[in-house]
Amino acid sequence: MFKKPPCSVLALSVLAGLAIRPAHADAAKGAQIARQWCANCHVIGGNATGPVPQGPPSFQMVARSGMSADQLRAFLSHPHGAMPNLALTRTEIDDLIGYIDTLR
Ligand code: HEC
């Protein structure tokens, strides 16, 4: 028969969940970072109509490409394309992912 887990187990798993998924991704800040560092190459808004035939994917395409937050995080930990060598902090990466999430 199914037994209710004790409260401490529940609390622990909630804490573990928080540690893995930072709850403070700030999409508004992510949008600001994107405008500042990514818009040179990427179409970042959510209203890009149709695919751009050449060049980097728009952020909406990225959002819909099915990349998970973890894949995005891994990708953004290193420079890509001809990106200037900008070192994004973990917080900035999480904010960017939070922003890209709003375009899904
Ligand atoms: C100098 C141009 C340039 C800048 C600046 C730039 N990118 Fe990119 N980005 C590219 C190019 C080119 C590609 C496609 C080729 C590749 O994946 O390396 C790309 C691809 C991507 C992808 C898709 C990866 C995939 O596999 O689908 C993501 C996500 C991304 N960029 C995020 C960002 C973010 C976030 C920023 C701002 C912090 C940024 N880019 C700034 C040029 C740039």
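Residues numbered from 1 in each chain as written. Predicted model: local features only at pLDDT ≥ 70, side-chain atom pairs only at ≥ 80, totals over all residues. Heavy atoms only, no water.

**Brief notes about the layout of surface pockets**
Looking at the largest pocket, its volume works out to about 380 Å³. In terms of residue class, the lining of the largest pocket is made up of 18 nonpolar, five polar and no charged. (1 Å grid on protein atoms, 1.4 Å probe; cavity = no way out; pocket = protein on both sides within 12 Å on 5 of 7 lines; lining within 4 Å. Points joined across faces, edges and corners; volume = space filled by probe spheres on them. Nonpolar A, V, L, I, M, F, W, Y, C, P; charged D, E, K, R; others polar.)

**Concerning the packing of helix α4 (residues 69-76) against helix α5 (residues 90-101)**
Packing of α4 against α5 brings their axes to within 10 Å, and their N-to-C directions diverge by 135°. With respect to each other, α4 and α5 are oriented oblique. For the pair α4 and α5, the sense of crossing is right-handed. Each of Ala69, Leu72, Arg73 and Leu76 in α4 lies in contact with α5, whose residues at this interface are Ile93, Asp94, Ile97 and Ile100. By residue class, the composition of the contact of α4 with α5 is six nonpolar, no polar and two charged. (Axes fitted to C-alpha atoms, helices over the stretch in contact; angles between N-to-C directions. Helix = DSSP H or I, 4+ residues; strand = E, 2+ residues; numbered from the N terminus. Parallel < 35°, antiparallel > 145°, perpendicular 65-115°, else oblique. Left-handed = near helix turned anticlockwise from the far one by under 90°. Contact = heavy atoms within 4.5 Å.)

**Remarks on the pattern of salt bridges**
Evaluation of the coordinates by the stated rule reveals three salt bridges. Notably, a salt bridge pairs Asp101 with Arg104, separated by 2.5 Å at the nearest N-O pair. (Salt bridge = Lys/Arg side-chain N within 4 Å of Asp/Glu carboxyl O.)

**Some remarks on the coordination of the iron atom of the ligand**
Every protein donor of the iron atom of the ligand is listed here as His42 (NE2) and His80 (NE2), and their distances to the metal cover 1.9 Å. Coordination at the iron atom of the ligand is octahedral, judged from the six donor atoms that bind it and the angles of 87 to 179° they form at the metal. Taken as a pair, His42 in the loop between α2 (27-38) and α3 (59-64) and His80 in the loop between α4 and α5 lie far apart in primary sequence, 38 residues in all. The class of His42 is buried, set by a relative accessible area of 14%. (Donors = N, O, S within 2.8 Å, 3.2 Å for Na, K, Ca; no water. Tetrahedral: all angles 85-135°; square planar, octahedral: opposite > 155°, others 65-115°. Buried < 20%, exposed > 50% of the residue type's maximum accessible area, 1.4 Å probe, protein only.)

**Remarks on the environment of Ser65**
Residue placement: Ser65 occurs in the loop between α3 and α4. Residue Ser65 is classed as partly exposed on the basis of its relative accessible area, which comes to 48%. It is 9.0 Å that separates the C-alpha atoms of Ser65 and Arg104, two residues lying 39 residues apart in sequence. A polar side-chain atom of Ser65 sits 2.8 Å from the main-chain carbonyl oxygen of Val62. (Polar contact = N/O pair within 3.5 Å; in protein donor to acceptor, adjacent residues only side chain to side chain.)

**Describing the confidence of the model for the protein chain**
For the protein chain, per-residue confidence averages 79 on the pLDDT scale, and 69% of positions sit at 70 or higher. Highest mean pLDDT in the protein chain belongs to α5 (95); lowest belongs to helix α1 (residues 7-20) (51). (pLDDT = per-residue confidence, 0-100.)

**Some words on α4**
Within the sequence span of α4, burial applies to Ala69, Leu72, Arg73 and Leu76. Mapping the buried residues of α4 onto a view down its axis gives an arc of 100°, with all of them on the same face. Considering only its buried residues, α4 is in contact with α3 and α5. (Arc of directions from axis to C-beta.)

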